[in-house]
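# Structural description and commentary
In case you want the letters, here they are:
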Amino acid sequence: MPSPWPRRTFLHAAGGGALTLGLGGTLAQPSGAAEVPASAGTFATTSDAEFDALRGKWRDLILGTGFSPTAEPFRSILSTLGTTAAGYLATMAPASGSLWPGRSWADPEPDLDAESYAFSATMNDAYNRLRTMAEAYSQPGTGLTGDSALRDAVLTGLDHLYAEVYNERTTRYGNWYNWQIGAPQALMDTCVLMYDHLSAARIAAYCRAVDAFVPDSVFASYTGTSTGANRVDLCRGVVLRGIVGKDPAKITLASQALAPVFPYVTSGDGFYADGSFVQHRNVPYIGGYGAVLHDGVGRLLALLRGSSWEVTGPDTQLFLDTIEKAVAPFIYNGLIMDNVSSRGISRIGTNEHQRAHGLMATILLVGQGASPEENARWRAMVKGWLQRDYYFPALKNPGLSLIRASLLQALRDDTSVKAAPEPVEHRLFPNMARATHRRRGWAASFSMASNRIAHYEFGNGEHARGYHTGAGWLSWWGDDFGLEQYSDAYWPTVDPYRLPGITASRKPLADGEGGNWGQPMPDAAWVGGTTDGEYAAIGQHLKGLSSTLDARKSWFCLDDSIVCLGAGITATDGHAVETTVDNRALGATGAPVLMVDGRPQPVTQGWTATFGDARWAHIAGQAGYVFPGGATLGAVREERTGSWRDINTGGSPDPVTRRYLTLFTDHGVDPAGGDYAYVLLPGASAEATARRAHDRGWLRILANSGTRQGVRVPRLGLTAVNFWSAGTVERLRASAPASVLVREHRNGTATLVVSDPARQATSLDVVWNRRVTKVLSKPATVTAATTGSSLKLAFGDLTGQAGAPQKVTVRLG
């Protein structure tokens, strides 16, 4: 393929900068041992062979290995890569301030405003395009493999970017990320791929640029933008700069700088002991920055394993443990739950399935450095996800990189690995106000906000209408239904005031309410709950964003259902307040039957109705809903039209229309003490829902007020109460706000799990009026325990327990 523009034309456009800088010429690498200036000003000697080996390993980690380029899905991925690269090659036209027409990085007023962010993003994007072109040149089966015009274009592009913008003389502007993470990563990846065509002068220049924008000082302290996933990304760029530039001191610096990422944190960014992961101070982010962190650490561990810079130490096991503690609980049948992906859910061209695919491959990569037992468990777990994702199977994802596709394909073809089923468990994440509840046929997740965790994050023009995603959003999926709920243009078309499970004021909020990177948090401490690992009591003191709304919400997670209670619902906004029982996405044409109290309702779009004393409802193929004591239920079928641009400035303005079926309770304008009670039965049939509605004995709602909410389920031997304040509910008494769950077992024992979600109890007494003969086990937080006609537990200071459940086991009398 001929080059679309002469190299001489480029040199003229760049003012001869490339020649002036001495970047032209052929490869001139020294042989044998390389003595290179180290970053600390000393000199170190390292064999060229080790640098060459590391470069080769990273090349494999970019390109993938062990696959046939003529077999699917690789043939399609490679073809798409070649088509994309050909498009970049055909349109590339170096000029002052740009590599592609209309994509300028030349900021007329360089500063840190939104306009400058866009200019710096264009510079970053140019490097990423060059990396794509380099991959197409290096990969087989792209149609451009070894193409000389493509090679020359990549080299010319690198020279142009260095001459004009990414060099040691430029003062950075716009988004720091583009200069310290995005550009250096893409630049160094490209250098690895094109290494045999780079002169020593080119390599030295590009390394000087990285050194200028990513100085050693970025690792001086674990603060600011050098924490969590950002720290890993910074380390990756500098490690690769050290390998490309043959600077062992740079590799040493960056590999050692990974150390603060591994230990668990107790505040701010990073992984917590309970499996929570937070980035940007107060945003749950396992599906975003957490995935980036895992991918980055996984690749660096694989890259440096067996080298002079291998990353070892006891803290690396803490990182490995996060696969099962933090990542796996939020992946279900091949999707990663949207409530831990923050701004990522507003990006066009991706969904919760696609975001999971790369992470699934990362788990396989990280597993190569884990124990054989861990690796075996993880491979079985990932294989199960691969097999059960009927909506968007990973190996049909055209955006999957070759390395990830090859890892997943190899696992799918490995007959020695048996797919693991989804676990039956409840996981509580107090440090990020999230929880997951998993049963054999379905899974659910809870999204809340507190004085530690933001309502939502708005930044870079992304996630403009996510303001109620922390208002008790209850998302759920079935094993063979519902996997498309949030993946078919849900976020640009859904009513953001009617997310499933939330209680919200209809008070209109501005796009990006709370401000750019404001990450507003409510003044609400009691958010969390308690669990025995199978069942749970979860609660949220809800305070609305930019609203006077105040409410108490509780969820009691059972074997086949979730009991949802709300009370004390009060607001003075002058707008209606609603609790959304559910809001099912129906795609472009869906029209499942809605049944209310046994009567089918119209399927006509635009239909609305209010049922004054509904006892149960059912959506065909989705779920059943039971309303103990009856409820005033609103129902709406509607087609909603929006665009990705509405929620993300980088999205398409093209209109998208999707159908929704919404069930809700209207608490009225400015309610004072409103409440609700309903039971969600995912996957239940209409018949099963009707039976549950007429079974008066299976559930007792013990309390539903602004001071206490609790339930008893006799057949499960379960009693659970969220104490918003001290008091008594049936047989349970708490001396301070707490969450208490009791399970009576058939073997004559019982388990009590108690927590202090508000983290304010310096002491707590819990009394269970049930005969107990012996305390079999208790945590150190229990300072006294008295048995007999009742069980009396005295807990010491719980403020340092971070809301974690305290488990006591007793023998019943």
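Up top is the structure these notes are about.
Now for a description of the structure that goes with this document. Within each chain, residues carry numbers counting from 1 in the order of the written sequence. Only residues with pLDDT of at least 70 are given local features in this predicted model, and only at 80 or more are side-chain atom pairs given and counted; all residues enter the totals for whole chains, interfaces and linings. The basis for the side-chain values is all heavy atoms of the structure; hydrogens and waters are excluded.

## Some words on the overall build of the chain
Helix and strand definitions here come from DSSP, where helices need a minimum of 4 consecutive H or I residues and strands a minimum of 2 consecutive E residues; each element is numbered from the N-terminal end. Within the chain, the regular secondary structure consists of 18 helices and 37 strands. Dimensions along the principal axes, computed over C-alpha positions, put the chain at roughly 85 × 60 × 55 Å. Any residue under 20% of the maximum accessible area for its type is buried, any over 50% is exposed, and the rest in between are partly exposed; the area is computed with a 1.4 Å probe on protein chains only. A buried classification covers 61% of the 813 residues belonging to the chain. Taking the intrachain contacts of the chain between residues at least 6 apart in sequence as the baseline, contacts between residues at least 24 apart amount to 69%. Of the roughly 28300 Å² that the chain leaves accessible, carbon and sulfur atoms contribute 51%. Charge centroids of the chain, computed over 74 positive and 74 negative side chains, lie 6 Å from each other. Residues count as neighbours in contact if any of their non-hydrogen atoms are within 4.5 Å of one another. Computed with a 1.4 Å probe, the accessible areas rest on the Shrake-Rupley method; for each residue, only the protein chains presented here act as cover. When charges are counted, Lys and Arg are positive and Asp and Glu negative, with His and the chain ends excluded. Each charge is placed at NZ for Lys, CZ for Arg, CG for Asp and CD for Glu.

## Comments concerning the pattern of salt bridges
Just to be clear on terms, a salt bridge is a Lys or Arg side-chain nitrogen sitting within 4 Å of an Asp or Glu carboxyl oxygen. For the structure shown, the criterion picks out 45 salt bridges. Two residues, aspartate 48 and lysine 246, come together in a salt bridge whose shortest N-O distance is 3.1 Å. Highlighted residues: aspartate 48 in helix H3 (residues 48-63) and lysine 246 in the loop between helix H9 (228-244) and helix H10 (248-256), separated in sequence by 198 residues. Among the ionic pairs, glutamate 324 bridges to arginine 377, the shortest N-O distance being 2.8 Å. Placement of glutamate 324 in helix H12 (residues 315-327) and of arginine 377 in helix H14 (residues 372-388) is noted, with a sequence separation of 53 residues between them. Its relative accessible area of 40% is what places arginine 377 among the partly exposed residues. Sharing partners across several salt bridges, the network here consists of Asp211, Asp216, Arg241, Asp247 and Lys250.

## Describing the sheet that holds strand E12 (residues 442-448)
Think of it this way: DSSP has to see at least two bridges between two strands before they count as a pair. Read from one edge to the other, the open sheet built from four strands follows the order E10-E11-E12-E13, with strand pairing classed as antiparallel. Edge strands, defined here as strands with exactly one partner in the open sheet, are strand E10 (425-429) and strand E13 (471-478). Sheet twist, expressed as the average angle between the axes of neighbouring strands with direction ignored, equals 10°. Sheet topology note: the E10/strand E11 (residues 434-438) ladder contains five bridges and is antiparallel. Within the sheet, the bridge partner assigned to histidine 426 lies in E11 and is histidine 437. Orientation is described by axes fitted as lines to C-alpha atoms, over the contacting stretch for helices, and by angles from 0 to 180 degrees between their N-to-C directions.

## Here's the deal with the packing of aromatic side chains
The geometry of two aromatic rings is summed up by the distance between their centres and the angle between their planes. Stacked, tilted and edge-to-face are the three classes assigned to paired rings of Phe, Tyr and Trp, where Trp is represented by its six-membered ring and a pair needs centres within 6.5 Å; plane angles under 30 degrees give stacked, over 60 edge-to-face, the rest tilted. Inspection of every chain in the model, using the stated rule, returns 27 aromatic pairs. Between phenylalanine 67 and phenylalanine 74 the ring centres are 4.9 Å apart and the planes differ by 20°, which places this aromatic pair in the stacked class. In terms of burial, phenylalanine 67 and phenylalanine 74 fall into one category: buried. Between tyrosine 486 and tryptophan 491, the aromatic rings sit 5.9 Å apart at their centres with planes inclined by 15°, giving stacked as the arrangement. With relative accessibility at 3%, the residue tyrosine 486 sits in the buried group. You can call tryptophan 491 buried: its relative accessible area is 10%.

## Side note on helix H18 (residues 686-694)
Residues Ala686, Thr689, Ala690, Arg692 and Ala693 constitute the buried set of H18. Looking down the long axis of H18, one finds its buried residues gathered within 160° of arc, a one-sided arrangement. Turned more than 90 degrees off the buried face of H18, the exposed positions are Glu687, Arg691 and His694. Structurally, H18 contributes buried residues whose contacts are with strand E20 (594-596), strand E22 (608-619), strand E23 (623-642) and strand E25 (672-682). Directions from the helix axis toward the C-beta atoms define the arc.

## Quick word on the sheet that holds strand E26 (residues 700-704)
Overall, antiparallel pairing links the seven strands, which are arranged E26-E27-E28-E31-E32-E37-E34 in an open sheet. Sheet topology places E26 and strand E34 (772-777) at the edges, where each strand pairs with a single neighbour. Between one strand axis and the next, the sheet turns through 15° on average, direction left out of account. As paired elements, strand E28 (residues 718-723) and strand E31 (residues 738-744) share six bridges and run antiparallel to each other. In the sheet register, valine 721 faces E31, and the bridge partner there is valine 740.

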